[in-house]
Amino acid sequence: MTDFNDIKNDTLSRMEKSLDSLKSDFGGLRAGRAHASLLDGIMVEAYGNMTPLSQLGTISVPDAHTLSVSVWDKSLAKNVEKALRESDLGLNPASDGQLIRIPIPPLSEERRKELVKIAGKYSEQCKIAIRNIRRDAMDEVKKLKKDSLISEDEEKKYNNDIQKWTDDAIKKVDDQMAGKEKDIMQV
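Now for a description of the structure that goes with this document. Computed from a predicted model, the values in this text were never measured in an experiment.

## Overview of the environment of Asn159
No. 1: On the secondary structure map, Asn159 appears in helix H4 (residues 152–185).
No. 2: Judged by relative accessible area, Asn159 falls into the buried class, the value being 19%.
No. 3: Sequence spacing of Asn159 and Thr58 is 101 residues, and the spatial spacing of their C-alpha atoms is 48 Å.
No. 4: Ignoring any residue separated from it by four or fewer positions in sequence, one finds Asn159 in contact with Met138 and Val141.

Right under this line is the structure:
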């Protein structure tokens, strides 16, 4: 990096990507209602490769407690059903030819607590990623100081800025986690 603006842009964009990643991880955790993003992480054995479910059929939400997958290639329906059954989402799909219906069972208290723990792991991984981004940025600032491109006062100011961005990002992670926990625990 040649100057602090490069470091700032890189750091903030990487932190934003970490937060987006957390949001998509949270989207895969179900909170008792059906939504299509619940099946985002499902990979299906198709034509010799592992393929995302969304590339093999149309996912729809007929009602609040049911998902349906209309598989485009009838020969893959069994594989899709198997992938859904073996996922860690606790789903029990019912196949009707090319249409697979997936009832979303209500969550037990125990399963809700389990999902909150999983969400907690996701948020902790995101915080670690953000701290690593902070470390990288501070290393870059240290390098600028070592190469005599900035003064000691600028180094301190830049490190304070980086810490402030980190604190803001960690607060966003905590806010997302609190929202997801409330969503999961809501009966």
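## Considerations on the layout of surface pockets
No. 1: When its volume is computed, the largest pocket comes out at roughly 310 Å³.
No. 2: Forming the boundary of the largest pocket are 18 residues, of which Gly28, Leu29, Asp88, Leu89 and Tyr122 lie nearest the centre.
No. 3: Per element, the largest residue contribution to the lining of the largest pocket is four residues, and it comes from helix H3 (residues 109–146).
No. 4: Partitioned by chemical class, the residues of the lining of the largest pocket number seven nonpolar, six polar and five charged.

Thresholds, definitions, all that
- Residues numbered from 1 in each chain as written.
- Predicted model: local features only at pLDDT ≥ 70, side-chain atom pairs only at ≥ 80, totals over all residues.
- Heavy atoms only, no water.
- Helix = DSSP H or I, 4+ residues; strand = E, 2+ residues; numbered from the N terminus.
- Buried < 20%, exposed > 50% of the residue type's maximum accessible area, 1.4 Å probe, protein only.
- Contact = heavy atoms within 4.5 Å.
- 1 Å grid on protein atoms, 1.4 Å probe; cavity = no way out; pocket = protein on both sides within 12 Å on 5 of 7 lines; lining within 4 Å.
- Points joined across faces, edges and corners; volume = space filled by probe spheres on them.
- Nonpolar A, V, L, I, M, F, W, Y, C, P; charged D, E, K, R; others polar.

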